[in-house]
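# A closer look at the structure
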Amino acid sequence: EEARGIDAVASEHEEARGIDVVASKSVRDFHEGSYDRIEISIKCRDLKNRDLISKSDPFCVVHLDEEEDQYNNSEDSDDDDGISSLRLSKKPSERSKKIGTTEVIKDNLNPDFTTTFVTNFIFEERQTLIVRVYDEDVKGDPDLSKHDYLGAAAVTLGKLMSSRGHIVKLPILGKGEKKSRGR
């Protein structure tokens, strides 16, 4: 069985199971320091359905964390960033900076979110992008505990931006098992 996951992408790419994180470079700003502005967009493929009556209503919450090695839980990981062995929690750390939240797409296990996020990519720093996926259960409620947690994935911006085509495929970790009535 093919693994579900998150794909981090910065150009045209093939559809794959999981989450695609798309990053596009914009103009380098030398006035504020040496960094690139990147725009990030997200789409999901083959998400788990957590509703009983209808399909899940997914949305994503995106954070950026600059804490060194917080997500590297394996010394002998086959991934040079240690991201493949992540244990991501439902809640972001206090050090994480929320970049934003996508719109909710109703009854869809393969959503293409139109919301984009702009952030600075600083080559010299380890910046980890964390995408958490939820199924909306209480319309418009910002309290994430009121929604089903579908899972999360993370990738360093360095790995995303240096990968061929700016594409990195990652598994969704920490999938919830509880089904709701699909409000």
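None of the values given here were measured: they were computed from a predicted structure.

### Quick notes on the packing of aromatic side chains
The geometry of an aromatic ring pair is captured by two quantities: the separation of the ring centres and the angle between the planes. Enumeration over the complete set of coordinates arrives at two aromatic pairs. Ring centres of Phe59 and Tyr134 lie 5.6 Å apart, and the angle between their planes is 20 degrees; on these two criteria the pair is classed as stacked. With Phe59 in strand 4 (residues 58-65) and Tyr134 in strand 7 (residues 128-135), this residue pair connects regions lying 75 residues apart in the sequence. By the burial criterion, Phe59 is buried, and Tyr134 matches it. The rings of Phe59, Tyr134 and Tyr149 are connected pair by pair, giving a single aromatic cluster.

### Quick look at the nonpolar core
In terms of nonpolar packing, the biggest core is built from 28 residues, with Ile19, Ile40, Ile42, Leu129, Val131 and Leu157 touching the most fellow members. For this core, the secondary-structure elements that each account for two or more residues are strand 2 (18-28), strand 3 (36-45), strand 4, strand 6 (112-121), strand 7, strand 8 (148-156), helix 1 (157-162) and strand 9 (168-171). Looking at this core, the element that brings in the most residues is strand 3, giving four residues. Leu129 has contacts with Val21, Ile40, Val62, His63, Leu64, Ile99, Ala153, Ala154, Val155 and Leu157, leaving out every residue within four places of it along the chain. Counting five residues, the second largest nonpolar core, distinct from the first, contains Val61, Tyr134, Tyr149 and Ala152.

### Observations concerning the side chain of Thr102
Position of Thr102 among the secondary structure elements: in the loop between strand 5 (97-101) and strand 6. A distance of 2.8 Å separates a polar side-chain atom of Thr102 from the backbone nitrogen of Cys60. Residues contacting Thr102, with those up to four places away along its chain left out, are Ile42, Phe59, Cys60, Phe113, Thr115 and Phe117.

### Here we look at the sheet that holds strand 4
Across a sheet, strands are paired by hydrogen bonds formed along the backbone, either parallel or antiparallel in direction. Taken in spatial order, the four strands line up as 5-4-7-8 in an open sheet, and their pairing is antiparallel. Each of the sheet's edge strands pairs with one partner strand only, and the pair in question is strand 5 and strand 8. Neighbouring strand axes in the sheet, compared pairwise and without regard to direction, differ in orientation by 20 degrees on average. In this sheet, strand 7 lies alongside strand 4 in antiparallel orientation, the contact comprising eight bridges. Pairing of Phe59 across the sheet is with Tyr134, part of strand 7.

### Examining the pairing of strand 8
In terms of burial, strand 8 is largely enclosed, as nine of its nine residues are buried. Sheet analysis places strand 7 next to strand 8, joined by eight bridges and oriented antiparallel. Counted as the bridge partner of Ile130 is Ala154 from strand 8.

### Looking at unusual backbone geometry
Phi at Asp46 takes a positive value of approximately 55 degrees, unusual for a residue other than glycine. We note that Asp107 has phi near 45 degrees; this positive angle belongs to a residue other than glycine. Mapped onto the elements, Asp107 comes out in the loop between strand 5 and strand 6. Overall, the relative accessible area of 43% leaves Asp107 in the partly exposed class.

Conventions we followed
- Residues numbered from 1 in each chain as written.
- Predicted model: local features only at pLDDT ≥ 70, side-chain atom pairs only at ≥ 80, totals over all residues.
- Heavy atoms only, no water.
- Phe/Tyr/Trp six-rings, centres within 6.5 Å; stacked < 30°, edge-to-face > 60°.
- Helix = DSSP H or I, 4+ residues; strand = E, 2+ residues; numbered from the N terminus.
- Buried < 20%, exposed > 50% of the residue type's maximum accessible area, 1.4 Å probe, protein only.
- Core = buried A, V, L, I, M, F, W, Y, C linked by side-chain atoms within 4.5 Å.
- Contact = heavy atoms within 4.5 Å.
- Polar contact = N/O pair within 3.5 Å; in protein donor to acceptor, adjacent residues only side chain to side chain.
- Pairing = 2+ DSSP bridges.
- Axes fitted to C-alpha atoms, helices over the stretch in contact; angles between N-to-C directions.

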